[in-house]
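# Analysis of the macromolecular model
Residue strings, one per chain:
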Amino acid sequence: MGVTIVVTSGKGGTGKTSVLGGVASCLAAMGHRVLCLDMDIGLRNLDMTLGMSDLVLMDFSDVIYQRCSLSQAAVEHPKIKNLFLLTAPFNSRASHFDQLDLMTLLAQARQQYDYCLIDSPAGIDVGFQLAACGADRAIVVSTTEPAALRDAQQAIAQLRKQDIPIHLVVNKVSRKLLRKLHTTIDDAMDTAGLPLLGVIPEDSQVPVCGGKGQPLILCQRRGACAGYYNIARRLTGEQVPLHRF
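Residues numbered from 1 in each chain as written. Predicted model: local features only at pLDDT ≥ 70, side-chain atom pairs only at ≥ 80, totals over all residues. Heavy atoms only, no water.

### Section: the pattern of salt bridges
- Considering all chains together, one arrives at 4 salt bridges under this definition.
- Its salt-bridge partner being aspartate 136, residue arginine 110 comes within 3.1 Å of it at the nearest N-O pair. Remark: aspartate 136 occurs in the loop between helix H6 (126–132) and strand E6 (137–142) and arginine 110 occurs in helix H5 (residues 99–112); sequence separation between them is 26 residues.
- Assessed through its relative accessible area of 16%, arginine 110 is described here as buried.
- Assessed through its relative accessible area of 29%, aspartate 136 is described here as partly exposed.
- Ionic pairing is found between glutamate 238 and arginine 233, a salt bridge with its closest N-O pair at 3.0 Å.
- Owing to a relative accessible area of 23%, arginine 233 belongs among the partly exposed residues under this scheme. (Salt bridge = Lys/Arg side-chain N within 4 Å of Asp/Glu carboxyl O. Helix = DSSP H or I, 4+ residues; strand = E, 2+ residues; numbered from the N terminus. Buried < 20%, exposed > 50% of the residue type's maximum accessible area, 1.4 Å probe, protein only.)

### Regarding the packing of helix H1 (residues 16–29) against helix H11 (residues 224–235)
- One can describe the packing of H1 onto H11 by two numbers: an axis separation of 8 Å at closest approach and a directional angle of 65°. Two packed elements cross with a definite hand, and for H1 against H11 that hand is right-handed. Here H1 contributes Ser18, Val19, Gly22, Val23, Cys26 and Leu27 to the contact with H11, which in turn contributes Cys225, Tyr228, Tyr229, Ile231, Ala232 and Leu235. (Axes fitted to C-alpha atoms, helices over the stretch in contact; angles between N-to-C directions. Left-handed = near helix turned anticlockwise from the far one by under 90°. Contact = heavy atoms within 4.5 Å.)

### What about the packing of aromatic side chains?
- What the rule picks out here adds up to 3 aromatic pairs.
- Summarising the aromatic geometry, the rings of tyrosine 65 and phenylalanine 97 are spaced 6.0 Å apart at their centres and angled 25° between planes, so their arrangement reads as stacked. Of this pair, tyrosine 65 sits in the loop between helix H3 (60–64) and helix H4 (70–73) while phenylalanine 97 sits in the loop between strand E4 (83–86) and H5; the two residues are 32 residues apart in sequence, bridging distant segments of the chain.
- Residue classification places phenylalanine 97 among the buried residues on the basis of a relative accessible area of 9%.
- Both rings, one in phenylalanine 84 and one in tyrosine 113, keep their centres 5.4 Å apart while their planes meet at 65°; by these two values the pair is edge-to-face. On the criterion of sequence distance, the pair formed by phenylalanine 84 in strand E4 and tyrosine 113 in the loop between H5 and strand E5 (115–119) is long-range, its members being 29 residues apart. No difference in accessibility class separates phenylalanine 84 from tyrosine 113, as the two residues are buried. (Phe/Tyr/Trp six-rings, centres within 6.5 Å; stacked < 30°, edge-to-face > 60°.)

Function cannot be inferred from these measures alone, as they are strictly geometric.
Below, the structure written as structure tokens:
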């Protein structure tokens, strides 16, 4: 039985989608069957992050409305074995879908994949509620900026109503920024009130690869990619030391 994990953030710009794509790619490289489910309806870009825009023909609404099966709609990555994408519809709204329908879809995903990573819209509106409703676990992505951490607290408060494990990933971290803000990763953990799943260093190759539509794991294994890989290992139960700054 697979695990469904919603990846969310309190505000845009934290790099949530890049983190999801990076962790999913690493899980797949480790031999796990992974489904990336884009739930950012109308504003999807996970297909661009994974470099699969030209391969997408159907979206999750086709599965929900039984126009095709999950295995028909989910597209495997051309270069990363075991990595699949089911994208969001462009011309719909989250309010068009019922939470029960999504839970039925996730039940199918658990049967076919080891991990289903759900890309949630930022914020706490109806799109977030839909993306999170059937998740087994949650990952909240934030930067160390006070505004990002404050908004993350709002998303965390909503997720706690579901009584599921929630973990924090601190993204785009640099020593220089931490010194300027007079803050630490421990401060971020205290503000969010969550256990830390991973720390992702700031890496100039993330936007470069994103602009090329190429997963970071195909470009390098250090920097942010090493952070993604450590998170993937922790999700599978390994004990991995945290990146230190």
